[in-house]
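Letter by letter, the chains look like this.
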Amino acid sequence: MTGQKLRIAIPEIGQNMRNYVGAVSGVGAEPIVISVTGEQLENPTHQEYLDIQDFRVENYDGLLIPGGVDIEPSRYGQENQACMDVFPELDELQLQVLDAFVKKGLPVLGICRGHQLINVYFGGTLIQHIDTAARHARKIEDPDKVHRSYTDSESWLGKIYGTEFPHNSAHHQAADRLGEGLVVDSRCVDDEVIEAVHHEVLPIISVQWHPERMCFANAREDTVDGSDVFRYFLELCRKQQTYRKYEEGAML
């Protein structure tokens, strides 16, 4: 990808990706939305859609798994007790793409559903409906909730925002048992809900909140600037790109 912007894959089916595309574009990368069938593909300004059949992981520098509906509970060994909408086809698409990036050791950023999907991929489980959902969940007619989370000063979030910071919230589920290799980075001050994790070996980070709705055109005064999460993610992508070029050169 020499001389090109970093290319970030965003797998989805039929959702509006405008905010995610805006955030990725806003920090100087190129978003490519990976969908499932040609019939669903559109081409609005600054957004490229690609059929999953044409997806090649080596053409990308990073993966963003966006927010969305609940994950089918059978994926983490449970029956559906409190899930709302589920979308098995979306689960399959995103897990397929995530698996390709993990096997290549490429950077991944999970947001809300993406945060939960990463946990499930590594063998973790979810709380299908948290007791304090009223504090975290938004309704269609209401804006995101806002609360504070805390983190260690040496964590990637601590280095960006400090040890306690406000962010938005729009979820009724949360990570429960952590997947293999995942480490908690932040928790909600009020109820200890897991709000962010990273992988102890792989360049994978995730947040339960929505930084794409806290930056650029969606910046808000009552939260931190969400663009810093995307900038940190792009730094992971640049470092990995440099390492890949070094490996390719060493093999010549």
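The structure this text deals with has already been given above.
The text that follows walks through the structure, step by step, so that each part is easy to find. (Residues numbered from 1 in each chain as written. Predicted model: local features only at pLDDT ≥ 70, side-chain atom pairs only at ≥ 80, totals over all residues. Heavy atoms only, no water.)

**A closer look at unusual backbone geometry**
In this structure, C112 takes a positive phi of about 55 degrees despite not being glycine. In this structure, F216 is a non-glycine residue whose phi angle is positive, near 50 degrees. When you line up the elements, F216 lands in the loop between strand 12 (204-207) and helix 6 (227-251). (Helix = DSSP H or I, 4+ residues; strand = E, 2+ residues; numbered from the N terminus.)

**Observations regarding the layout of surface pockets**
Computed from the structure, the largest pocket encloses a volume of approximately 820 Å³. Around the largest pocket sit 28 residues that line it, and G68, V69, R138, A170 and H210 are the ones nearest its centre. No other element matches helix 1 (residues 18-26), which puts 3 residues into the lining of the largest pocket. Of the residues in the lining of the largest pocket, the class split is 9 nonpolar, 11 polar and 8 charged. (1 Å grid on protein atoms, 1.4 Å probe; cavity = no way out; pocket = protein on both sides within 12 Å on 5 of 7 lines; lining within 4 Å. Points joined across faces, edges and corners; volume = space filled by probe spheres on them. Nonpolar A, V, L, I, M, F, W, Y, C, P; charged D, E, K, R; others polar.)

**Remarks on the packing of aromatic side chains**
Following the criterion strictly, the structure yields 7 aromatic pairs and no others. Between the aromatic rings of Y161 and F165, the centroid separation amounts to 5.0 Å while the plane-to-plane angle is 35 degrees, which identifies the pairing as tilted. With relative accessibility at 13%, the residue Y161 sits in the buried group. When its relative accessible area of 1% is taken as the criterion, F165 is described as buried. Between Y161 and W209, the aromatic rings sit 6.4 Å apart at their centres with planes inclined by 55 degrees, giving tilted as the arrangement. Residue Y161 is found in helix 5 (residues 156-161), and its partner W209 is found in the loop between strand 12 and helix 6; the two are separated by 48 residues along the sequence. (Phe/Tyr/Trp six-rings, centres within 6.5 Å; stacked < 30°, edge-to-face > 60°. Buried < 20%, exposed > 50% of the residue type's maximum accessible area, 1.4 Å probe, protein only.)

**Thoughts on the pairing of strand 2 (residues 30-35)**
Of all 6 residues making up strand 2, 5 are buried, and the element is well covered by its neighbours. Pairing geometry for strand 1 (residues 7-11) and strand 2, over 5 bridges, is parallel. Pairing of A9 across the sheet is with I32, part of strand 2. In this fold, the crossover linking strand 1 to strand 2 by way of helix 1 has right-handed handedness. (Pairing = 2+ DSSP bridges. Right-handed = clockwise from strand over helix to strand, strands pointing away.)

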